[in-house]
There are 2 protein chains.
Amino acid sequence: MTLSDPLVATNVRIHQERLWDSLMDIATIGPGVAGGNNRQALTDEDGEARKLFVTWCEGAGLTVSVDQIGNIFATRPGTETNALPVCMGSHLDTQPTGGRFDGVLGVLAGLEVIRTLNDQGIQTRHPITLVNWTNEEGSRFAPVMMASGVFAGAHPLEWAYDRRDASGIRFGDELERIGWKGSFPVGGLSMKAYFELHIEQGPILEAENVDIGIVTSGQGLTWLEIDFHGRSAHAGSTPMNRRHDAALGAARLVHLVNAIANDRHPNAVGTVGRLSIEPNTTNSVAAYAQVAIDIRSPVAAMLEEMEAEIRSGAESIAAEIGLSFEIRRLQHAAPVHFAPDCISSARQAAVALGYSHRDIVSGAGHDAYWISRVAPSAMIMCPCVDGISHNEAEEIFPEWAAAGADVLLHAVLDNAVKV
Amino acid sequence: MTLSDPLVATNVRIHQERLWDSLMDIATIGPGVAGGNNRQALTDEDGEARKLFVTWCEGAGLTVSVDQIGNIFATRPGTETNALPVCMGSHLDTQPTGGRFDGVLGVLAGLEVIRTLNDQGIQTRHPITLVNWTNEEGSRFAPVMMASGVFAGAHPLEWAYDRRDASGIRFGDELERIGWKGSFPVGGLSMKAYFELHIEQGPILEAENVDIGIVTSGQGLTWLEIDFHGRSAHAGSTPMNRRHDAALGAARLVHLVNAIANDRHPNAVGTVGRLSIEPNTTNSVAAYAQVAIDIRSPVAAMLEEMEAEIRSGAESIAAEIGLSFEIRRLQHAAPVHFAPDCISSARQAAVALGYSHRDIVSGAGHDAYWISRVAPSAMIMCPCVDGISHNEAEEIFPEWAAAGADVLLHAVLDNAVKV
């Protein structure tokens with residue numbers, strides 16, 4: 001088969017039922033309580049899922065190596081000696097009340113890509129390497145995207161080993177215990193390109209009836225935490241003009257964050273998802289309020305601008321109501337911009353295969369964010385029902401998974417056949 | 001001494017140091033942890049304070065009787081047989097982190113009134129009865145103003161006996177245990193008038209440098225509880241126009257309640273002092289919010305109007321954001337309007353004594369609210385520092401207490417000497 005012939009190439013499609021069966025098979029490991037999965041990083045169940053995955057990889061003729069943080073690399077050789085691998089992957093670990101597709105789809109669609117190439121006898125110039133990144137979810141051991149972060153040089157390996165779960169168990173110890181501490185140096189693999197297929201975890205693609213999201217950027221994120229200090233007072237005997245109501249400050253800030261993000265829609269989001277007041281009794285004016293703010297935008301300058309507006313807004317609100325306030329940045333991550341060539345490969349694949357598609361910005365974090373620091377990278381998204389994720393009710397349809405895997409296949413092929 | 005001579009009468013003043021000493025003495029019983037008191041209803045400390053109080057009453061020649069709910073009536077006889085008593089009183093129980101003056105001042109100022117009449121050899125036509133009402137605070141056994149409520153026929157006695165504290169102890173059992181279940185039938189005392197001196201528990205008098213508040217009304221109160229149901233969603237991957245943010249609904253409602261009350265200042269107050277959202281994590285749009293609203297006004301129609309505006313406002317907010325909502329009335333008490341003659345007695349006393357005064361509306365609830373249902377009643381207020389109450393930091397000055405007690409003395413005298 002000559003891959004340079006586009007008509008031939010686009011006839012190559014993955015095997016939808018086989019992909020779906022693999023997804024359902026691995027979902028039997030670490031079942032949740034409501035149809036999803038609880039397969040947190042470095043649990044016995046994570047070990048069992050890795051074992052099944054490696055069995056499948058070896059069955060597909062791949063050479064498997066494991067690095068010192070448990071990242072699994074399964075490689076199909078290329079025809080050219082010393083050519084850098086084209087990589088694809090995601091993660092097999094889940095949230096405690098996770099779905100069956102978040103992360104898992106990207107890994108098993110990669111496996112399906114390999115199986116399809118094998119079925120069709122397609123040889124590539126570059127090796128193709130499928131990766132399972134350790135502990136993307138960060139729900140047991142913080143932070144999220146831990147091992148891809150170490151791979152990309154964002155965190156030291158020893159620091160990662162020293163992370164502990166809620167019961168005090170050390171990451172490094174647990175990695176050894178489940179038998180997945182490998183010998184390959186972390187970050188020792190250079191990549192020609194990296195592609196990650198993931199469910200959207202948002203509502204846009206399904207709502208717009210679009211098959212494929214071409215992820216151009218990952219949103220930058222800033223978390224702010226604001227404390228308003230007012231004065232506790234009797235709700236009955238304190239006239240309105242003598243109050244210093246911290247709850248009112250919090251409410252105005254929620255409204256402001258919403259307005260600031262709405263003004264920039266669809267290029268930003270802003271959320272107050274955490275909010276508390278004290279003493280929190282019906283007949284007392286609140287003395288204290290804490291508001292946690294999550295703002296995101298793929299445009300770095302916009303994110304800075306939003307933060308500045310929130311800071312000055314909080315100051316005005318505090319002054320109007322007679323509150324004192326403190327504001328802290330809890331977290332900040334710059335926007336991620338994926339590699340134009342990789343984006344283009346993914347978009348062309350969707351076009352050639354006849355899938356409807358649109359550019360999309362990822363709101364959630366993914367391993368590809370870190371990998372984009374060390375290799376040309378892009379992401380492909382498929383819809384998920386009602387945008388629900390990090391929830392056992394997370395759902396996709398086999399044809400959505402297949403479309404995503406097809407685009408992954410052709411994006412990878414495009415890079416693997418070219419010099 | 002002829003009380004019909006106003007020049008003589010206004011020379012009669014209570015003994016400031018003796019009143020203050022009594023206040024400080026009783027404050028040694030059930031001390032708090034920060035200079036205030038923890039002397040909750042029917043604790044051993046409540047029993048001890050009652051004992052000291054009765055000792056003082058008997059020392060002042062009063063006849064003491066205790067009713068079946070522990071209310072203490074200490075009577076100084078009048079000159080006319082069968083004349084109804086002029087009553088005064090308040091409560092000796094405190095909040096768990098209570099101050100030394102809330103309630104206690106009204107009881108011990110009443111004692112000081114008696115002692116002053118004794119000192120001056122003043123006889124009155126009507127008997128004068130000093131009352132300590134059981135369990136005004138309601139912090140251990142709900143509801144507040146329990147025994148004055150039973151006295152006024154608002155609650156059945158057996159129902160009150162069956163109230164239980166957090167550890168399951170029954171009110172009636174505890175009343176017996178501390179030895180203050182009397183035999184006098186509850187509500188068996190008819191009154192010519194009832195006066196209650198109380199600290200303001202708000203900031204107005206101190207801020208305006210006014211000695212005495214003449215309480216014309218007690219605010220009506222409505223408590224509403226609103227649930228907003230939205231949809232939990234990822235704070236990063238859910239565009240602003242696809243959210244159903246329950247926290248935003250709550251915030252707009254807080255703002256609305258504030259605006260509705262501000263519009264009616266100084267004739268109403270409105271507070272959101274209790275507020276919670278779920279799941280309450282920084283990176284999730286809130287699926288649920290609960291808001292508890294406290295609105296008060298001395299004008300019944302205004303209170304109804306505010307409630308209607310909140311109900312329709314909540315509906316609009318829910319519709320705009322795409323939330324469902326439920327609204328419940330948790331509590332409602334109609335405004336209390338004190339008796340014009342009693343108000344007038346108090347006001348004239350302040351004028352005659354040369355104290356600065358202003359009419360004031362009580363924001364908090366008091367035993368006098370219930371008693372006003374069965375007897376002509378009024379209240380007198382003195383300032384408290386920074387309006388702080390229900391807090392161990394509650395503070396007043398001896399001269400403030402003395403001014404209040406002087407006005408109480410003359411308001412009571414005015415009623416006790418007249419037919």
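Residues numbered from 1 in each chain as written. Chains lettered and ligands numbered in written order. Predicted model: local features only at pLDDT ≥ 70, side-chain atom pairs only at ≥ 80, totals over all residues. Heavy atoms only, no water.

A word on the overall build of chain A
For step 1, the next point in the chain: Across its full length, chain A carries 13 helices and 15 strands.
For step 2, the next point in the chain: Compactness check: chain A gives a C-alpha radius of gyration of 24 Å against a globular reference of 22 Å for 419 residues, within 12% of the reference.
For step 3, the next point in the chain: Once the C-alpha set of chain A is aligned to its principal axes, its extents read approximately 85 × 45 × 35 Å.
For step 4, the next point in the chain: Out of the 419 residues in chain A, the part that is buried amounts to 60%.
For step 5, the next point in the chain: At a minimum sequence separation of 6, the contacts of chain A that also span at least 24 residues come to 80%.
For step 6, the next point in the chain: A total accessible area of about 14,900 Å² is found for chain A, and carbon and sulfur atoms account for 50% of it.
For step 7, the next point in the chain: Taking the 30 positively charged and 51 negatively charged side chains of chain A as two groups, their mean positions are separated by 5 Å. (Helix = DSSP H or I, 4+ residues; strand = E, 2+ residues; numbered from the N terminus. Rg over C-alpha atoms; globule rule 2.2 N^0.38 Å. Buried < 20%, exposed > 50% of the residue type's maximum accessible area, 1.4 Å probe, protein only. Contact = heavy atoms within 4.5 Å. Areas by Shrake-Rupley, 256 points an atom, 1.4 Å probe, with all protein chains shown as cover. Lys, Arg positive; Asp, Glu negative; His and termini not counted. Charge placed at Lys NZ, Arg CZ, Asp CG, Glu CD.)

Quick look at the sheet that holds strand E11 (residues 288–297) of chain B
All names here are of chain B.
For step 1, the next point in the chain: Reading across the sheet, the four strands line up as E9-E11-E7-E12 and stay open at both edges, with antiparallel pairing between neighbours. Each end of this open sheet is capped by a strand with a single partner; those strands are strand E9 (269–278) and strand E12 (324–333). Neighbouring strand axes in the sheet, compared pairwise and without regard to direction, differ in orientation by 15 degrees on average.
For step 2, the next point in the chain: Pairing analysis gives nine bridges linking strand E7 (residues 220–229) to E12, with the strands arranged antiparallel. (Pairing = 2+ DSSP bridges. Axes fitted to C-alpha atoms, helices over the stretch in contact; angles between N-to-C directions.)

Observations concerning the relation of the copies chain B and chain A
For step 1, the next point in the chain: Taken as rigid bodies, chain B and chain A are interconverted by a rotation of 180 degrees and an axial shift of 0.1 Å, the fit giving an RMSD of 0.2 Å. Seen this way, the second copy is the image of the first under a two-fold rotation axis. The rotation axis passes nearest to the C-alpha of Ala-251 of chain B in chain B, at a distance of 2.1 Å.
For step 2, the next point in the chain: Here 100% of the contact residues of chain B are again contact residues in chain A; the copies associate through an equivalent surface. (Least-squares fit on C-alpha atoms with pLDDT ≥ 70 in both.)

Let's talk about the packing of helix H2 (residues 16–27) of chain B against helix H4 (residues 104–120) of chain B
Residue and element names in this part refer to chain B.
For step 1, the next point in the chain: It is at 9 Å that the axes of H2 and H4 come closest, and there the two elements cross at 140 degrees. Between H2 and H4, the crossing angle belongs to the class labelled oblique. Relative to H4, H2 is oriented so that their crossing is right-handed. When H2 is examined against H4, the residues Arg-18, Leu-19, Ser-22, Leu-23 and Ile-26 are found in contact with a partner set consisting of Val-104, Leu-105, Leu-108, Ala-109, Glu-112, Arg-115, Thr-116 and Asp-119.
For step 2, the next point in the chain: Of the residues assigned to the contact of H2 with H4, the class counts are seven nonpolar, two polar and four charged. (Parallel < 35°, antiparallel > 145°, perpendicular 65-115°, else oblique. Left-handed = near helix turned anticlockwise from the far one by under 90°. Nonpolar A, V, L, I, M, F, W, Y, C, P; charged D, E, K, R; others polar.)

Some points on the pattern of salt bridges
Residues and elements named next belong to chain A.
For step 1, the next point in the chain: Counted by the stated rule, this structure contains 53 salt bridges over all chains.
For step 2, the next point in the chain: With a shortest N-O distance of 2.8 Å, Arg-358 and Glu-208 are connected by a salt bridge. Pair noted here: Arg-358 is in strand E14 (residues 357–362) and Glu-208 is in helix H8 (residues 204–208), with a separation of 150 residues, a long-range link.
For step 3, the next point in the chain: A relative accessible area of 27% means that Arg-358 is categorised as partly exposed.
For step 4, the next point in the chain: Close ionic contact of Arg-264 with Glu-309 constitutes a salt bridge, the shortest N to O distance being 2.6 Å. Of the two residues, Arg-264 is situated in the loop between helix H9 (246–262) and strand E9 (269–278) and Glu-309 in helix H10 (residues 300–321); the sequence distance between them amounts to 45 residues. (Salt bridge = Lys/Arg side-chain N within 4 Å of Asp/Glu carboxyl O.)

Observations regarding the environment of Gly-98 of chain B
All names here are of chain B.
For step 1, the next point in the chain: For Gly-98, the location among the structural elements is in the loop between strand E3 (86–90) and H4.
For step 2, the next point in the chain: Judged by its relative accessible area of 2%, Gly-98 is buried.
For step 3, the next point in the chain: Excluding residues within four positions of it along the chain, Gly-98 makes contact with Gly-36, Asn-37, Asn-391 and Glu-392.

A look at the state of the cysteines
Residues and elements named next belong to chain B.
For step 1, the next point in the chain: According to the stated counting rule, one finds zero disulfides over all chains in the structure shown.
For step 2, the next point in the chain: The thiol of Cys-87 is not disulfide-bonded; the next cysteine sulfur, from Cys-342, is found 11 Å away.
For step 3, the next point in the chain: Residue Cys-87 is classed as buried on the basis of its relative accessible area, which comes to 0%. (Disulfide = S-S within 2.5 Å.)

Details of unusual backbone geometry
For step 1, the next point in the chain: That bond from His-265 of chain A to Pro-266 of chain A is cis: its omega, 5 degrees, falls within 30 degrees of zero.
For step 2, the next point in the chain: Within the fold, Pro-266 of chain A resides in the loop between H9 and E9.
For step 3, the next point in the chain: Here Glu-278 of chain A and Pro-279 of chain A are connected by a cis peptide whose omega angle stands at 5 degrees.
For step 4, the next point in the chain: Relative to the assigned elements, Pro-279 of chain A resides in the loop between E9 and strand E10 (284–285).
For step 5, the next point in the chain: Backbone geometry places Asn-135 of chain B, a non-glycine residue, at a positive phi of 50 degrees.
For step 6, the next point in the chain: Since its relative accessible area comes to 1%, Asn-135 of chain B is described here as buried.

Observations concerning the side chain of Thr-134 of chain A
Residue and element names in this part refer to chain A.
For step 1, the next point in the chain: Within the secondary structure layout, Thr-134 lies in the loop between strand E4 (128–132) and helix H5 (146–151).
For step 2, the next point in the chain: Thr-134 gets classed as buried once you look at its relative accessible area, which sits at 0%.
For step 3, the next point in the chain: Setting aside residues up to four positions removed in sequence, Thr-134 forms contacts with Leu-42, Arg-50, Ile-69, Gly-70, Asn-71, Ala-147 and Phe-171.

Remarks on the environment of Asp-359 of chain B
Residue and element names in this part refer to chain B.
For step 1, the next point in the chain: Topologically, Asp-359 is positioned in strand E14 (residues 357–362).
For step 2, the next point in the chain: In sequence terms Asp-359 and Gly-202 are 157 residues apart; their C-alpha atoms lie 14 Å from each other.
For step 3, the next point in the chain: Sequence-distant contacts of Asp-359, that is, excluding residues within four places in its chain, are made with Ile-214, Thr-216 and Arg-347.
For step 4, the next point in the chain: Only 3.0 Å separates the side chain of Asp-359 from the side chain of Arg-347, close enough to count as a polar contact. (Polar contact = N/O pair within 3.5 Å; in protein donor to acceptor, adjacent residues only side chain to side chain.)

Some words on the interface of chain B and chain A
For step 1, the next point in the chain: Across the boundary between the two partners, chain B contributes 52 residues, which contact 52 residues of chain A.
For step 2, the next point in the chain: The contact between chain B and chain A buries some 4,500 Å² in all, and 58% of this surface belongs to carbon and sulfur atoms.
For step 3, the next point in the chain: The interface formed by chain B and chain A holds zero salt bridges in total.
For step 4, the next point in the chain: Counting across the chain B and chain A interface gives 20 residue pairs in polar contact (both at pLDDT 80 or more).
For step 5, the next point in the chain: Listed by contribution, the elements that provide at least two residues to the side of chain B that touches chain A are helix H8 (204–208), helix H9 (246–263), E9, strand E10 (284–285) and E11 of chain B.
For step 6, the next point in the chain: With nine residues, the single largest contributor to the side of chain B that touches chain A is H9 of chain B.
For step 7, the next point in the chain: Its residues assigned to classes, the side of chain B that touches chain A shows 21 nonpolar, 21 polar and ten charged. (Buried area = accessible area lost by both parts, 1.4 Å probe.)

Concerning the pairing of strand E11 (residues 288–297) of chain A
All names here are of chain A.
For step 1, the next point in the chain: When you tally the buried positions in E11, you get ten out of ten residues, the bulk of the element.
For step 2, the next point in the chain: Neither face of E11 is exposed, since Tyr-288, Gln-290, Ala-292, Asp-294 and Arg-296 on one face and Ala-289, Val-291, Ile-293, Ile-295 and Ser-297 on the opposite face are all buried.
For step 3, the next point in the chain: Two elements, strand E7 (residues 220–229) and E11, share ten bridges in a ladder whose sense is antiparallel. Bridge pairing links Asp-227 to Gln-290 in E11.
For step 4, the next point in the chain: The pairing of E9 with E11 spans nine bridges and is antiparallel. From the neighbouring strand, Thr-271 faces E11, where its bridge partner is Asp-294.

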